[in-house]
There are 2 protein chains.
Amino acid sequence: MKKEIGFDEAQELTFSSIVARKTETLGLDRLTDRVLAEDVVSSVDSPSVNASLKDGYAVRSGDLQKAGPESPVFLEMAGSISAGAATRLKVAAGRAIRITTGAPIPQGADAVLAEEFTRLAENRLACYNTAGPGRNILQKGTDIQKGQAVAKKFDRATPPLVGLLATAGLDRATVFKSPVVCVMATGDEVVAPGKPLPEGKLYASNITEICAWLTQHRIDSRVCFARDTEEAVVSTIREQIDHVDLFISSGGIWGSEKDLMLKVLESLDWKGIYHRVRMGPGKAIAFGFLEDKPFFCLPGGPPSNEMAFLQIALPGVLKMRGHQRPRFPVVSARLAETVRGVGHWTQFVHAEVRKEEKALVVVPLQQRSRLQSMAGKNALIRIPEGTEVLDAGTLIEVQLLDTRVLREE
Amino acid sequence: MKKEIGFDEAQELTFSSIVARKTETLGLDRLTDRVLAEDVVSSVDSPSVNASLKDGYAVRSGDLQKAGPESPVFLEMAGSISAGAATRLKVAAGRAIRITTGAPIPQGADAVLAEEFTRLAENRLACYNTAGPGRNILQKGTDIQKGQAVAKKFDRATPPLVGLLATAGLDRATVFKSPVVCVMATGDEVVAPGKPLPEGKLYASNITEICAWLTQHRIDSRVCFARDTEEAVVSTIREQIDHVDLFISSGGIWGSEKDLMLKVLESLDWKGIYHRVRMGPGKAIAFGFLEDKPFFCLPGGPPSNEMAFLQIALPGVLKMRGHQRPRFPVVSARLAETVRGVGHWTQFVHAEVRKEEKALVVVPLQQRSRLQSMAGKNALIRIPEGTEVLDAGTLIEVQLLDTRVLREE
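None of these values were measured; they are calculated from a predicted model.

1. Re the relation of the copies chain B and chain A
For the pair chain B and chain A, the superposition axis carries a translation of 0.0 Å, the fit reaches an RMSD of 0.1 Å, and the rotation angle comes to 180°. A rotation of that kind, with that shift, is consistent with a two-fold axis. Interface overlap between copies: 100% of the residues of chain B at the interface are likewise at the interface in chain A, consistent with a symmetric, same-surface contact.

2. Some thoughts on unusual backbone geometry
Along the chain, A:G280 connects to A:P281 via a cis peptide bond; the corresponding omega equals -10°. Mapped onto the fold, A:P281 is located in the loop between β19 (271-280) and β20 (286-290). The backbone phi angle of A:D292 is positive, close to 65°, even though this residue is not glycine. Here A:D292 shows up in the loop between β20 and β21 (293-298). For A:D292, a relative accessible area of 71% corresponds to the exposed category. With phi around 60°, B:N136 is a residue other than glycine that occupies positive phi space. Examined against the element boundaries, B:N136 turns out to sit in the loop between β10 (124-127) and β11 (137-138).

3. Quick word on the interface of chain B and chain A
Contact with chain B, which involves 84 residues of that partner, is made by 84 residues of chain A. A buried area of about 7400 Å², summed over both sides, lies between chain B and chain A, and 54% of it is on carbon and sulfur atoms. Three residues, B:R325, B:R407 and B:E408, lead the burial of chain B against chain A; their summed loss comes to 10% of the area buried on that side. Counting the contacts that link chain B with chain A gives four salt bridges. Residue B:R156 pairs with A:D402 through a salt bridge whose shortest N-O separation is 3.3 Å. Inspection of the region where chain B meets chain A yields 24 residue pairs in polar contact (both at pLDDT 80 or more). Elements represented by at least two residues in the side of chain B that touches chain A include exactly α2 (159-167), α3 (205-216), β22 (330-335), α7 (370-376) and β28 (395-400) of chain B.

4. Considerations on helix α6 (residues 302-320) of chain A
Residues and elements named next belong to chain A. Taking 1.5 Å as the rise per residue, α6 with 19 residues should run 27 Å; its terminal C-alpha atoms sit 25 Å apart, in good agreement. Of all the bends in α6, the greatest, near 45°, is centred on F309. Counting buried positions along α6 yields 18 of 19 residues, so the element is predominantly enclosed. Looking one or two residues past α6, G322 carries a phi angle of roughly 105°, positive in sign.

5. Details of the domain arrangement of chain A
Taken domain by domain, chain A comprises domain 1 (2-22 + 178-320), domain 2 (26-45 + 144-176), domain 3 (51-138) and domain 4 (330-406). For domain 2 of chain A and domain 4 of chain A, the distance between their C-alpha centroids amounts to 38 Å.

6. Re the packing of aromatic side chains
Enumeration over the complete set of coordinates arrives at 16 aromatic pairs over all chains. Residues A:F7 and A:F348 carry aromatic rings whose centres are separated by 5.3 Å and whose planes lie at 75° to one another, so their mutual orientation is edge-to-face. On the criterion of sequence distance, the pair formed by A:F7 in helix α1 (residues 7-17) and A:F348 in strand β24 (residues 346-356) is long-range, its members being 341 residues apart. Given the relative accessible area of 1%, A:F7 is considered buried. Look at A:F348 and you get buried, because its relative accessible area is 3%. Ring centres 6.5 Å apart and planes at 90° place the aromatic pair B:W270 and B:F295 in the edge-to-face group. Taken together, the residues span a long stretch of sequence, with B:W270 in the loop between α5 (261-267) and β19 (271-280) and B:F295 in strand β21 (residues 293-298) at a distance of 25 residues. Like B:W270, the residue B:F295 is buried in the burial classification.

7. Things to note about the sheet that holds strand β9 (residues 118-121) of chain A
Residues and elements named next belong to chain A. Pairing is mixed across the open sheet formed by six strands, whose spatial order is β8-β5-β7-β6-β10-β9. Each edge of the sheet is formed by a strand with only one pairing partner; in this case those strands are β8 (111-114) and β9. Averaged over all pairs of adjacent strands, the angle between strand axes in this sheet comes to 40°, irrespective of strand direction. Of the strand pairs in this sheet, β9 and strand β10 (residues 124-127) are connected by four bridges, and their pairing is antiparallel. The residue of β10 that forms the bridge with R119 is A126.

8. Topic: the packing of α1(A) against α6(A)
Residues and elements named next belong to chain A. Running from amino to carboxyl end, α1 crosses α6 at an angle of 20°, the nearest separation of the two axes being 9 Å. Compared by their axis directions, α1 and α6 come out roughly parallel. The crossing of α1 and α6 is right-handed. Here F7, A10, Q11, T14 and F15 of α1 lie close against α6, whose contacting residues are Q311, I312, P315, G316 and K319. Here the contact of α1 with α6 is composed, by residue class, of five nonpolar, four polar and one charged.

9. Describing the sheet that holds strand β8 (residues 111-114) of chain B
Residues and elements named next belong to chain B. In space, the six strands of this open sheet follow the order β8-β5-β7-β6-β10-β9, with mixed pairing throughout. One side of each edge strand has no neighbouring strand; the edge strands of this open sheet are β8 and β9 (118-121). Within this sheet the neighbouring strands show an average axis-to-axis angle of 40°, counted without direction. Bridge count for strand β6 (residues 73-81) against strand β7 (residues 95-99) is four bridges, and the pairing is parallel. In the sheet register, S80 faces β7, and the bridge partner there is R98.

10. Some thoughts on the environment of A:G27
Residue and element names in this part refer to chain A. Tracing the backbone shows G27 in strand β2 (residues 23-27). Look at G27 and you get partly exposed, because its relative accessible area is 25%. Separated by 327 residues in sequence, G27 and R354 have C-alpha atoms that sit 40 Å apart. For G27, the residues in contact, after removing those within four places along its chain, are D171 and R172.

11. A word on the pairing of β8(A)
All names here are of chain A. Here β8 shows a buried face lined by A111 and L113 and a second buried face lined by V112 and A114. Relative to β8, strand β5 (residues 56-59) runs antiparallel, the two being bridged by four bridges. Bridge assignment links A58 to a residue of β8, and that residue is V112.

12. Concerning the packing of helix α2 (residues 159-167) of chain A against α3(B)
At a minimum axis separation of 8 Å, α2(A) and α3(B) run at an interaxial angle of 150°. The angle between the axes of α2(A) and α3(B) places the two elements in the roughly antiparallel class. Read as a crossing pair, α2(A) and α3(B) show a hand that is right-handed. Between α2(A) and α3(B), the residues in contact are A:P159, A:P160, A:V162, A:G163, A:A166 and A:T167 and B:S205, B:T208, B:E209, B:A212, B:W213 and B:Q216, respectively. The residue makeup of the contact of α2(A) with α3(B), split by class, is six nonpolar, five polar and one charged.

13. A closer look at the pattern of salt bridges
Within this structure, the stated rule accounts for 34 salt bridges over all chains. The closest approach of N and O atoms between A:E352 and A:R354, which form a salt bridge, is 3.5 Å. Salt-bridge contacts for B:E76 lead to B:R95; the nearest nitrogen and oxygen are separated by 3.8 Å. Here the residue B:E76 occupies a position in strand β6, and B:R95 occupies one in strand β7, the gap between them amounting to 19 residues. With relative accessibility at 39%, the residue B:E76 sits in the partly exposed group. Counted as one network, the salt bridges with shared partners bring together A:D33, A:R156, A:R218, B:D402 and B:R404.

Here is what the cut-offs are and how they apply
Residues numbered from 1 in each chain as written. Chains lettered and ligands numbered in written order. Predicted model: local features only at pLDDT ≥ 70, side-chain atom pairs only at ≥ 80, totals over all residues. Heavy atoms only, no water. Least-squares fit on C-alpha atoms with pLDDT ≥ 70 in both. Contact = heavy atoms within 4.5 Å. Helix = DSSP H or I, 4+ residues; strand = E, 2+ residues; numbered from the N terminus. Buried < 20%, exposed > 50% of the residue type's maximum accessible area, 1.4 Å probe, protein only. Buried area = accessible area lost by both parts, 1.4 Å probe. Salt bridge = Lys/Arg side-chain N within 4 Å of Asp/Glu carboxyl O. Polar contact = N/O pair within 3.5 Å; in protein donor to acceptor, adjacent residues only side chain to side chain. Expected span 1.5 Å × (residues − 1). Bend = angle between axes of the 7 residues up to and from the residue. Domains from an automatic or database assignment. Phe/Tyr/Trp six-rings, centres within 6.5 Å; stacked < 30°, edge-to-face > 60°. Pairing = 2+ DSSP bridges. Axes fitted to C-alpha atoms, helices over the stretch in contact; angles between N-to-C directions. Parallel < 35°, antiparallel > 145°, perpendicular 65-115°, else oblique. Left-handed = near helix turned anticlockwise from the far one by under 90°. Nonpolar A, V, L, I, M, F, W, Y, C, P; charged D, E, K, R; others polar.

Written out as structure tokens, the structure reads:
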């Protein structure tokens, strides 16, 4: 197990050791934002026939060659066709058939004259414009051809792509399985929300926040609590391990006599990858595999817990679900106040990005309450290892945790 | 009912007529991204006692005034305290108590000396540093004080805020109810995904995509299909109306003899707000209220359907859930090719934003297949009414439908 590694190396080791393997086949209604595990080809042509793009009249283009605003050509009506209706009607010379948007072009016709260029009186259609071959016709297979690739392995099923899969004749797709995450609080001081709070104890805000982030990504989690003994932690892990794909524990990783996580995991013969990362907050994080399941041990202090989760564990969870570059969006913003790094590690600073006259400004948050600074931030400033200071006025890239600040006014 | 209104007026009428009213109280595990319907105050102090910020030793600061790296002060050990444990231990003069992070400061002590400045031999603790009053102590209520406001009405429950609510002693909160949306496909030509596709019919890609967008926002939907008769549409609406809060229909709004939606809604005595908006695609949209439930009639052509949904119906749904400015994020990007507007309406153009050497470039998509252009875009260019052309090379604001393009390299 590596010790005290740099942040970039920790991220690299996390991504390279977690590989999406398991797949599942889901209906379109459960596909949103999942990652495809195989290429997808269309099983149909779309449209399935030549179809009208307009409400109007199916005609033979040759009949209307001399039609104009002042010199209508008159055609005889021979029926009507609407979208979705089967028809055996044909358009003979000198005739027209009423047609609505999406309806199949009848035999004999090679164009649709839009309604606005016509006047219908009894059974005679006055046509005030030409309609060249193919006019207002969406040819069979224009949108998609049967057998054509419509999506690739590792594509994310965005809503428009889910719609495209429906058009392509699919009602399901194979995606990487979404891991079920065990989110485990350790520590005698931790109390579940809603229970009475004895003096000296605290509510389980870390795991509550972690579960909220997982919910935002629509990832299922199971919450559990373990008391501060090796036996309690071992038995909690054993209860959960057959039901989950990945573990995230909170607390017990710093190194005091009460910090049991590493002892327990070593006793269970885990494969440790790293412990302690040169990042702040979040330094005490450990990562490895227990029975081939990724196991992130996060520190228990709220700012450390959150940062280790956001920068390392959450990307790891998303990698397991097939996302190839699971990182936060970054934007350029002008730094409102000078911030100082630590030099020998990567420092993350809570910040608020604001829009000022269409330009983005980023303000480091230096509030007295750690927790209100955590809840008030919408961005993180990353000061790389080796950088001592970022000066006020500099244009820097910041991680956006919440893109609402970018909304249209 | 207003007719042929401008896009900005349509958006304004939509936002001003849809008001979030119904509320529900949800546990923290269901709160993510919901909008609070009332202010929230803390029911506890956090921390609930003065607590240690470090692993180390609780001491009386006066005892260590002369301690230094070369001149240790020796204290007698008098027990240990860990986080979450109740204790009656006291620190008398000349004594120290072992303490771990988060543990309550015992009576008598006013500072914590961090472990790194100590050496313990049997029951004697050598202290190599001073520890002024309050050193390494997180005072009771520093993070949150009982009765303090922690969130306001209309705040969105981001994951860090959900964590903060837990810390503040809450296990639930009152939020605006998330509407259940009826997504209704109309038209004899529409076939549900997975069923055989008779010639001339097409799969229900519109409503599939709409439901995928709603899923992305974790909004529940009920899908239904109505055939092309007034009776069928009326009976479908009647079946659904007691189970849903909002309607979105697809198709039947253009104006041909098969376009039944307005006729049906007028027969049901709806309150129409507007029909037809000067926007493209999506012009044929209608909006009103049926028995006080918002009803969006979207056109049936896929690009029109999607644009009317994204620009008008989806923001309307989110407004009903309490979001105050439910719009897409916008970013500045350099336009790669000239695009032309229509002048007398607002035009939306499918586009792809790319990151090129850290700058954003936006490429209008002009693909042969409408549907692949729909699925390939990650952004929309909006050409306002009255603007004829946006020139290549101009820096423009584009709506981002997917922020993955902004991710860190």
